There are 2 protein chains.
Amino acid sequence: MTENWIDRFPGLAALSPDVRETLVRDSAVVEVPKGTRIFGPGQSPENLLLLLDGAVRVHQTSEQGREIVLYRVAAGESCVLTTACMLAHEDYSAEGLADTDVRAVAIPRKVFDDLVTRSIPFRNFVFAAYSQRITDLFHVIEEIAFQRLDIRLAQRLRTLAGDADEVRTTHQELAVELGTAREVISRQLQEFQRRGWIAQSRGRVSLLDRGAIAHLAEAA
Amino acid sequence: MTENWIDRFPGLAALSPDVRETLVRDSAVVEVPKGTRIFGPGQSPENLLLLLDGAVRVHQTSEQGREIVLYRVAAGESCVLTTACMLAHEDYSAEGLADTDVRAVAIPRKVFDDLVTRSIPFRNFVFAAYSQRITDLFHVIEEIAFQRLDIRLAQRLRTLAGDADEVRTTHQELAVELGTAREVISRQLQEFQRRGWIAQSRGRVSLLDRGAIAHLAEAA
DNA sequence: TCTGCAGGGTGACAACGTCACTGAACCGCA
DNA sequence: TGCGGTTCAGTGACGTTGTCACCCTGCAGA
């Protein structure tokens, strides 16, 4: 448990030795399995999470039951908005789910407060993390307001696939990614398939022509 | 200039006397006329602004030139995201415009850093302000993704009108408010007019039946 | 009075969302 | 191996929103 995880966070490189010591001593490394609900309405976390491995997906659900993925927290990043949106008076319908198995450092609120007071680099880290998330949200707004769906879908398929050449997901899940309806995804994927860019089977999309997909995705 | 503006900010009520003194001594009250661009791409503010009077409107503009209003900062609130989104590495296309004549307190970055270190209540104020803005952004996302335009337009007409019974604005400006196109606003307003809810003339919308408008707005 | 221009109206069409329903693939189990 | 339930995907019809091209109108300044 004396693992030196701090070096995994570039933003924390400037921490002084005593701050590092506090952080390592008073935080716990936790593991949560894929699918766990990390926070959500009626579930306010008393920790700031720094992700070591895995990813956390943050959703919003509308009253009518439609959903959209707001952003993901990747390894090496922190889950600041998590704490922030819980801090707000309004209870909000955003929730965080473990997208994969997750290993994270949990910094208790008191330790967090202490560090923010004591350490300028730590504070900068926190504010930088906020800024990053906020620009993520700006991105989301720009895309849902102004970007065509075929382009957004192509982009999302690329990022979900990563290095692999297939994505294991349902049309419904893709619809939630983009905040649209399943039927719309089905039709778009059919069009992609018709053009020979992808192949589909139940629960799986294979990318056949990454070049064409990339070309569309970059037609931003 | 020794005006005690601190009491206008409920979140700052808990500040200790010495912090209050620093804040009042080292901050300046500034006035900017309506229409001034307060921040934007290539214009990063070195101050945190606390609004005393007036309102600031924060926009985002897409590459294709379409715009959307993200939120407004009202008197008694602070412009935290302003500083935050400038802090992010990416240069972002959000910009802040004085929606009316504005009077505000400008807290220089150094003073801000000092206060965040010294004062727990000040820090809470800052974090609470962040949370508020972030939930505002969540609201925006929920609305543009899932809410019908007629409902959003009715809501916006109500808030823009305030106590008055008319709104002095063009269709184009309303389109920017909601991130849509002018033609769409024109058609919706015509429908409202046909139902006898509003009357229109060049650059002006009069609310004739606030009850009906409110009813639609609350059909969220 | 003329003229330029911002504001607003309109029709056609494309893109996206919704609804109702159908069929296909998969799973557990007899 | 076949059965039945469930999840996933396909489809047509239709309503809403976005885009494009173009027009008309009211207003201000020359």
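Residues numbered from 1 in each chain as written. Chains lettered and ligands numbered in written order. Predicted model: local features only at pLDDT ≥ 70, side-chain atom pairs only at ≥ 80, totals over all residues. Heavy atoms only, no water.

Chemist: I keep staring at the pairing of strand E6 (residues 94-98) of chain A and nothing clicks. Help me out?
Modeler: Residue and element names in this part refer to chain A. Within E6, five of the five residues are buried, which leaves the element mostly enclosed by the surrounding structure. By the alternation rule, side chains of E6 split into Ala-94, Gly-96 and Ala-98 and Glu-95 and Leu-97, which are all buried. Pairing analysis gives two bridges linking strand E2 (residues 37-39) to E6, with the strands arranged antiparallel. From the neighbouring strand, Arg-37 faces E6, where its bridge partner is Leu-97. (Buried < 20%, exposed > 50% of the residue type's maximum accessible area, 1.4 Å probe, protein only. Helix = DSSP H or I, 4+ residues; strand = E, 2+ residues; numbered from the N terminus. Pairing = 2+ DSSP bridges.)

Chemist: Even after reading the chapter, I still don't get the interface of chain A and chain B, so can you show me in this structure?
Modeler: How big an interface is tends to be expressed through the accessible area that disappears when the partners come together. Of the residues lining the interface, 41 residues belong to chain A; the matching set on chain B comes to 41 residues. For the pairing of chain A and chain B, the buried interface totals around 4,000 Å² over both sides, and the portion due to carbon and sulfur atoms is 66%. Seen at the junction of chain A and chain B, the total is zero salt bridges. Between chain A and chain B we count four residue pairs in polar contact (both at pLDDT 80 or more) in total. (Contact = heavy atoms within 4.5 Å. Buried area = accessible area lost by both parts, 1.4 Å probe. Salt bridge = Lys/Arg side-chain N within 4 Å of Asp/Glu carboxyl O. Polar contact = N/O pair within 3.5 Å; in protein donor to acceptor, adjacent residues only side chain to side chain.)

Chemist: Is there a simple way to explain the pairing of strand E7 (residues 102-108) of chain A in this structure?
Modeler: Side chains on a regular strand alternate between the two faces of the sheet. Residue and element names in this part refer to chain A. Within E7, six of the seven residues are buried, which leaves the element mostly enclosed by the surrounding structure. As defined by bridge partners, strand E1 (residues 28-32) adjoins E7 across five bridges and the pair is classed as antiparallel. Across the sheet, residue Val-29 finds its bridge partner in E7, namely Val-105. Relative to E7, strand E3 (residues 47-53) runs antiparallel, the two being bridged by six bridges.

Chemist: I keep staring at the pattern of salt bridges and nothing clicks. Help me out?
Modeler: Proximity of charged atoms lets side chains of opposite charge pair with each other. All names here are of chain A. One pass over the full model with this rule turns up 40 salt bridges over all chains. The salt bridge involving Asp-18 is made with Arg-118; its shortest N-O contact spans 3.2 Å. Of this pair, Asp-18 sits in helix H1 (residues 17-26) while Arg-118 sits in helix H3 (residues 109-118), placing them 100 residues apart in sequence. Its relative accessible area of 42% is what places Asp-18 among the partly exposed residues.

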